[in-house]
Amino acid sequence: KSGDYPVIIRNDVFAEILSAFSSVLYADSVQKGLSLLEGKINEKIANSKFTLIDDPFIEEGFNTCSFDGEGTATKVKKIIDKGILKTYLYNWKSALKDGVESTGNGFRSSYKSSVTTSTINLYVEKGERSLDELMEMLGNGLMITEVQGLHSGLNPISGDFSLSAQGYLIENGEISRPVNLITIAGNFFEALKDIEEIGNDFRFASNGVGSPSIMIKKLSIAGE
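Residues numbered from 1 in each chain as written. Predicted model: local features only at pLDDT ≥ 70, side-chain atom pairs only at ≥ 80, totals over all residues. Heavy atoms only, no water.

Draft legend 1. The arrangement of empty space enclosed by the protein in detail. The final tally for this structure, using the stated rule, is two cavities of 30 Å³ or more. By volume, the largest cavity amounts to about 80 Å³. Along the wall of the largest cavity there are 13 residues; nearest its centre are Leu18, Val24, Leu25, Phe188 and Leu192. For the lining of the largest cavity, the element with the most residues is helix H5 (residues 188-193), which contributes three residues. Among the residues forming the lining of the largest cavity, the class breakdown is twelve nonpolar, one polar and no charged. (1 Å grid on protein atoms, 1.4 Å probe; cavity = no way out; pocket = protein on both sides within 12 Å on 5 of 7 lines; lining within 4 Å. Points joined across faces, edges and corners; volume = space filled by probe spheres on them. Helix = DSSP H or I, 4+ residues; strand = E, 2+ residues; numbered from the N terminus. Nonpolar A, V, L, I, M, F, W, Y, C, P; charged D, E, K, R; others polar.)

Written out as structure tokens, the structure reads:
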């Protein structure tokens, strides 16, 4: 039935959603007024259990590199540290505008193209709870195992999303039955604040973004 439910977003699905919203972390998006993170450096924007890292050297990463497309040495960056926004991601053009150094995130899609900003190996730091423990803590709610419509169903500027989804109904801490033909809706920035627990089942998705499973206080579910 339709309503607000506590949810677990499985590791691969959260990685997909995070990837779709990653442009809000780019300094050039902030400078163009295309990110609600403008002016939020050193402010709390997520639950204190949430740490987001861009690491060019992590072994499991898909995009390991020592230099970016501008020849700048890459480095490990905690973008969000225990819920606090610490930095935007810069290439040299956006860095000079803000009077700072590039973070080593300037890349080209080919030698002919202009430099843009991109993450390298972006991932959420894993927590201590297993997926079974997350379900037990959830009690009654939903686990989301697939979403569709990431390119048309979300707005990176506002953070709003409405996505077709499927997954499992969780009852009394256990999987009860599969559910499909549902829609999950919410706001990405609010969801970061509504995180209640982070799993230890970390994995990198095929898009080069990594995450464990994430338990969120509530999302709006459209079902029957």
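Draft legend 2. Spatial organisation of the side chain of Asn105. Here Asn105 shows up in the loop between helix H3 (92-98) and strand S5 (106-107). You can call Asn105 buried: its relative accessible area is 0%. Among the polar contacts listed, one links the side chain of Asn105 to the side chain of Lys77, at a separation of 3.4 Å. Here the side chain of Asn105 touches Ser118 through a polar contact of 2.9 Å, landing on its backbone oxygen. Residues contacting Asn105, with those up to four places away along its chain left out, are Asp54, Asp68, Lys77, Leu89, Tyr90, Thr116, Thr117, Ser118, Thr119 and Ile120. (Buried < 20%, exposed > 50% of the residue type's maximum accessible area, 1.4 Å probe, protein only. Polar contact = N/O pair within 3.5 Å; in protein donor to acceptor, adjacent residues only side chain to side chain. Contact = heavy atoms within 4.5 Å.)

Draft legend 3. Structural context of a negative patch on the surface. On the surface, Asp132, Glu133, Glu136 and Glu174 cluster together to form a negatively charged patch. Per-element accounting of the negative patch gives the leading share, three residues, to helix H4 (residues 131-138). Relative to the helices and strands, Glu136 is located in helix H4. (Patch = residues over 30% accessible without salt bridge, like charges linked within 9 Å, V, L, I, M, F, W, Y side chains within 5 Å. Areas by Shrake-Rupley, 256 points an atom, 1.4 Å probe, with all protein chains shown as cover. Salt bridge = Lys/Arg side-chain N within 4 Å of Asp/Glu carboxyl O. Lys, Arg positive; Asp, Glu negative; His and termini not counted. Charge placed at Lys NZ, Arg CZ, Asp CG, Glu CD.)

Geometric descriptors of this kind do not, in isolation, establish any biological role.
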